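Each chain is listed here by its residues.
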Amino acid sequence: MADDGGDDLAVRLVAGGATMLALSTLADSGMEHYRGSFRNPAMVLPLASSSMAIAFNGRRLARPRPGERTGPLVSHLTSTATGLIGLGFHFYNVTKRPGGLGFTNLFYGAPAGAPFALTMAGLFGSVADRLARGKRRLGPMHVTSGRAIGALTSFGLIGTVAEAALLHFRGAYHNPAMWFPVILPPAAAASMARDVIDDTPRAVTTALLGATAAMGLIGAGFHAYGVSRNMGGWKNWRQNFLVGPPVPAPPAFTGIAIAGLGALLLMKRRQAK
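Residues numbered from 1 in each chain as written. Predicted model: local features only at pLDDT ≥ 70, side-chain atom pairs only at ≥ 80, totals over all residues. Heavy atoms only, no water.

**Focus on the overall build of the chain**
Counted only if it meets this: The helix count covers DSSP runs of H or I at least four residues long, the strand count covers runs of E at least two residues long, and both are numbered beginning at the N terminus. Using C-alpha atoms as the atom set, the radius of gyration is obtained and then compared with a globule rule of 2.2 Å times the number of residues to the power 0.38. For the exposure calls, accessible area comes from a 1.4 Å probe over protein chains only, and a residue counts as buried if that area is under 20% of its type's maximum, exposed if over 50%, partly exposed in between. A contact between two residues is defined here by any heavy atoms of the two lying within 4.5 Å. In these tables, accessible area is a Shrake-Rupley quantity obtained with a 1.4 Å probe, and a residue counts as shielded only by the protein chains included in the view.
The helix and strand inventory of the chain stands at 10 helices and 2 strands. When the helices and strands of the chain are placed in sequence order, the string is α-α-α-α-α-β-β-α-α-α-α-α. For 273 residues, the compact-globule formula gives about 19 Å, and the C-alpha radius of gyration of the chain, at 18 Å, lands near that figure. Each principal axis of the C-alpha atoms in the chain carries an extent, and together these give about 60 × 40 × 35 Å. The buried share of the chain, taken over its 273 residues, is 48%. Pairs at least 24 apart in sequence give 72% of the contacts found in the chain among residues at least 6 apart. When the accessible surface of the chain is split by element, carbon and sulfur atoms take 67% of a total near 12900 Å².

This is the structure in structure tokens:
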């Protein structure tokens, strides 16, 4: 598949999704860990690994088939591992609070969304690398079919929805727009899962993923507006940016949806052959 321009577009989409996820993680974890005063030295790891992921996935996005192997491999493994370890740390942070695992601690403890996004960036980046080098498999996954990437997309969307649903529930869904992240991405995930099971890419899935990608960017705008509504608005940005809705979080939906569009493209092209 190394000579196909359409497959290059699929590589760009998957690598672009990984880049967006890493960007979201860098900004979100940077802000949240700064608020936590980097109390644990390990809190710098997601910043370092997401920066590395942006560099290598961004290069893959610009040039789908550069020859280097070691650097990207180290980056993707580091992203995946750092995200998984971060999930463990955040879960521990929640459970060690008085009351243990409960809604209050889930609301105000360390959020799981950022580490999960970094893990997804590592996985999508690994898939993009395998596609770019003409490899058919990544471990047990048959990446060139698009179905495994589609399944990964559905899983990633559901995980991100869980985080959004929890935090928007904390916000009492006071703005009707807060329902979009808990309605639209699950519909896209379900449609993607159906396409994967049937091995039939559908136009409605493309539309739902496109709408989810746009929603992530629009959500960042809504969160910026939410920051402006705190006392002092953006003039008091040093405080309000930290206590308001996380502006960098919604684009995680965009990253996963873009990678999902790459999966659909692979499925369509394989069936057209």
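**Structural notes on the environment of Ala-263**
Here Ala-263 shows up in helix H10 (residues 251-272). On a C-alpha basis, the gap between Ala-263 and Ala-151 in space is 9.0 Å, while along the polypeptide they are 112 residues apart. In this structure Ala-263 touches Gly-146, Ile-149 and Gly-150, once residues within four positions along its chain are discounted.

**Brief notes about a nonpolar patch on the surface**
Basically, it comes down to this: Put simply, a patch holds well-exposed residues, over 30% relative accessible area, that have no salt bridge, with like charges counted together within 9 Å and Val, Leu, Ile, Met, Phe, Trp or Tyr side chains within 5 Å. Definition used for salt bridges: Asp or Glu carboxyl oxygen within 4 Å of a side-chain nitrogen of Lys or Arg.
Residues Phe-91, Leu-101, Phe-103, Leu-106 and Phe-169 make up a contiguous nonpolar surface patch of roughly 530 Å² in combined accessible area. On the basis of relative accessible area, Phe-103 is assigned to the exposed category, the value being 53%.

**Focus on the UniProt feature "transmembrane region" (unreviewed entry) in the chain**
Where we set the bar: UniProt positions are given in the numbering used here, feature names are shortened, and annotations may be inferred rather than shown by experiment.
Here the UniProt feature "transmembrane region" (unreviewed entry) sits at residues 42-61, 73-94, 106-127, 148-166, 178-197, 204-227 and 247-267. Between the end C-alpha atoms of residues 42-61 the distance is 29 Å, and the span holds 85% helix and 0% strand. Secondary structure content for residues 178-197 is 90% helix and 0% strand, and the end C-alpha separation is 30 Å.

**Thoughts on the pattern of salt bridges**
One pass over the full model with this rule turns up 9 salt bridges. One salt bridge in this structure joins Asp-8 and Arg-65, with 2.4 Å as the shortest N-O distance. Of this pair, Asp-8 sits in helix H1 (residues 5-35) while Arg-65 sits in the loop between helix H2 (45-62) and helix H3 (70-95), and the two are 57 residues apart along the sequence. By relative accessible area, which is 25% here, Arg-65 ends up partly exposed. Asp-199 is the partner of Arg-270 in a salt bridge, and the nearest nitrogen-oxygen pair spans 2.6 Å.

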